[in-house]
Amino acid sequence: MMTSAMAMAGAAHAQDGEPIKIGVLHSLSGTMAISETTLKDTVLMMVEQQNAKGGVLGRPLEAVVVDPASDWPLFAEKARELLTVSEVDAIFGCWTSVSRKSVLPVIEELNGLLFYPVQYEGEESSKNVIYTGAAPNQQAIPAVDYMAEELGVEKWALLGTDYVYPRTTNNILESYLKENGLAEDEIFVNYTPFGHSDWSKIVADVVALGADGKKVGVVSTINGDANVGFYKELAAAGVSADDIPVMAFSVGEEELSGLDTANLVGHLAAWNYFQTAESDENTAFIEKWQKFTDESRVTNDPMEATMIGFNAWVAAVEKAGTTDVDPVLDAIVGVEVPNLTGGTAQVLPNHHLTKPVLIGEIREDGQFDIVSQTEPVPGDAWTDFLPESAVLDADWPGKDCGMYNTETESCVQVQSNY
């Protein structure tokens, strides 16, 4: 069912004073609702705040909210509905890579604009997407470097949920580790279905990896509630964060909120933002968020990415003087907006952002102690650690191509259905 923040009709390119519509494409039901509902609320808060400042181009914003219900094909249908029926000028949405991949053909066909706010596997750059979450070089690679250099990890267990993001990320990490001298038997890779609950055999295999005395580390792309059973099984096996540290890429404040964190304390996560970041911008954001929702609601990395995307879109629209997609895309490259860690995020020619990499240690209260933070890292759409990708570049304003082969100096393809 479609709802709307202001329940008004009108074309996307309405007369002055009529609302500018933006789409909110996040699951409000089904398995992903726990994560995505928060991002819907974030967009609604940003719309409310922007309207209090006078809107955009002197017109109010109207958020059109749809529920794709954690159903990947339904994401495509709802995206089409937003663009053709509601005639929105931009969409903020998707979480899983499979939902994004479902939406891509629709927004490219209809020349829509999607702001995608979650860390992902890279290997993609669409003209019609601004990727405000982390690429692998802004999360996965620095996290592995931290574990090797700071924790002395010598053997690796790459554990993931069985879908595109974990598989592609782990392919990149496996290639990276081997490039750095690791042997095949020093890397254990395992995939489990969504909602997996029996972790005893897998944890035993991880423990056995260190039978020779070498320190083992786990890189986790396990998603959703399967994490609860995984950490519980580690604790049941007598494995502490000191023994075998776990570095998670999909566990943040929202996932920890309300959980018994006893089994997670001391384990790690890599993101580009934590609620505990110390900056005036973050203090103000948390205050506004808890006022908009309630005092118990936490903030997290995809919320920051949503905020950055929203503010970059507003800046680009004001710069272009229109909400039309092509002028906005021309205007958005180079746009710089504040992040919540005290710096700025810049939109790059490959439609990714500059982002600092933060490593956090899980505390008993479900928050993170930030133990490492880098300078801003430019997002790389195509990894340097897969041979077929290392030669690729994405440059929309310069080459009008997201898959440009630097060796043949030619655009492999423009559409992103790689």
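Each residue is numbered by its place in its chain's sequence as written, counting from 1. Selection of residues for local features in this predicted model requires a pLDDT of at least 70, selection of side-chain atom pairs for listing and counting requires 80 or more, and totals for whole chains, interfaces and linings are taken over all residues. The side-chain quantities take in all heavy atoms of the structure and omit both hydrogens and water.

1. Quick notes on the overall build of the protein chain
Step number 1: The way it works is that DSSP assigns letters per residue, a run of H or I at least four long becomes a helix, a run of E at least two long becomes a strand, and they are numbered from the N terminus. Within the protein chain, the secondary structure is distributed over 13 helices and 20 strands.
Step number 2: Taking 2.2 N^0.38 as the reference for a compact globule, 418 residues should give roughly 22 Å; the C-alpha atoms of the protein chain span a radius of gyration of 21 Å, in line with that estimate.
Step number 3: Throughout this description, buried means an accessible area under 20% of the type-specific maximum (1.4 Å probe, protein chains only), exposed means over 50%, and partly exposed covers the range between. Counting all 418 residues of the protein chain, 57% fall into the buried class.
Step number 4: In this analysis, two residues are considered to be in contact whenever any of their non-hydrogen atoms come within 4.5 Å of each other. Taking contacts inside the protein chain between residues at least 6 apart in sequence as the whole, the part at least 24 apart equals 66%.
Step number 5: With an accessible surface of roughly 15900 Å², the protein chain has 49% of that area assigned to carbon and sulfur atoms.
Step number 6: With 23 positive and 64 negative side-chain charges, the protein chain shows a spacing of 3 Å between the two charge centroids. Radius of gyration means the value over C-alpha atoms here, while the globule rule gives 2.2 Å times the residue count to the 0.38 power. Where accessible areas are quoted, they stem from the Shrake-Rupley method and a 1.4 Å probe; at the residue level, only the protein chains shown are allowed to cover. Positive residues here are Lys and Arg, negative ones are Asp and Glu, while His and the chain termini are left out of the count. We put the charge of a Lys on NZ, of an Arg on CZ, of an Asp on CG and of a Glu on CD.

2. Topic: the sheet that holds strand β20 (residues 410-411)
Step number 1: In short, DSSP must find at least two bridges between two strands for them to pair. Taken together, 3 strands build an open sheet; the order of strands is β18-β19-β20 and the sheet is antiparallel. Strands at the two margins of the open sheet, each flanked by one partner only, are β18 (392-395) and β20.

3. A closer look at the confidence of the model for the protein chain
Step number 1: Per-residue confidence from the predictor is reported as pLDDT, a score between 0 and 100. Per-residue confidence for the protein chain gives a mean pLDDT of 93, with 96% of residues at or over 70.
Step number 2: Counted against residues more than four places away or in other chains, residues 1-15, with its pLDDT under 50, gives 39 contacts.

4. Some remarks on the pairing of strand β11 (residues 268-271)
Step number 1: Of the two faces of β11, the one lined by Leu268 and Ala270 and the one lined by Ala269 and Trp271 are each fully buried.
Step number 2: One ladder, built from 2 bridges, connects strand β10 (residues 246-248) with β11; its direction is parallel. By the bridge assignment, Met247 is partnered in β11 with Leu268.
Step number 3: Sheet topology places β11 next to strand β15 (residues 358-362); 4 bridges connect them, and they run antiparallel. From the neighbouring strand, Ala270 faces β15, where its bridge partner is Ile359.

5. What about helix α11 (residues 325-332)?
Step number 1: Residues of α11 that are buried: Val325, Val328, Leu329, Ala331 and Ile332. Mapping the buried residues of α11 onto a view down its axis gives an arc of 165°, with all of them on the same face.
Step number 2: Where α11 is buried, its residues contact β5 (114-116), β6 (129-131) and α10 (301-320).
Step number 3: Following α11 by one or two positions, Gly334 has its phi on the positive side, about 95°. The directions considered for the arc are those from the helix axis to the C-beta atoms.

6. Some points on the pattern of salt bridges
Step number 1: By definition here, a salt bridge exists when the distance from a side-chain nitrogen of Lys or Arg to a carboxyl oxygen of Asp or Glu is within 4 Å. Considering all chains together, one arrives at 17 salt bridges under this definition.
Step number 2: Between Asp162 and Arg167 there is a salt bridge, with the nearest N and O atoms lying 2.6 Å from each other.
Step number 3: Taking relative accessible area as the criterion, Arg167 reaches 38% and is therefore assigned partly exposed.
Step number 4: The shortest N-O distance in the salt bridge between Lys399 and Asp395 comes to 3.9 Å.
Step number 5: By relative accessible area, Asp395 is classed as buried at 16%.
Step number 6: Put simply, Arg100, Lys101, Glu121 and Glu124 are held in one network by salt bridges that share partners.

7. Topic: the environment of Ala63
Step number 1: Structurally, Ala63 can be placed in strand β3 (residues 61-66).
Step number 2: Taking the C-alpha atoms as reference points, Ala63 and Val88, separated by 25 residues in sequence, lie 8.8 Å from one another.

8. Concerning the side chain of Gln367
Step number 1: Relative to the assigned elements, Gln367 resides in the loop between β15 and β16 (368-373).
Step number 2: Pairs of N or O atoms within 3.5 Å make up the polar contacts considered here, provided that, within protein, one atom can donate a hydrogen while the other can accept it, and that residues adjacent in sequence are counted only when both atoms are side-chain atoms. Reaching out from Gln367, the side chain makes a polar contact with the side chain of Gln275 at a distance of 3.4 Å.
Step number 3: Excluding anything up to four places from it in sequence, Gln367 contacts Glu253, Gln275, Thr276, Val298, Glu361 and Ile362.

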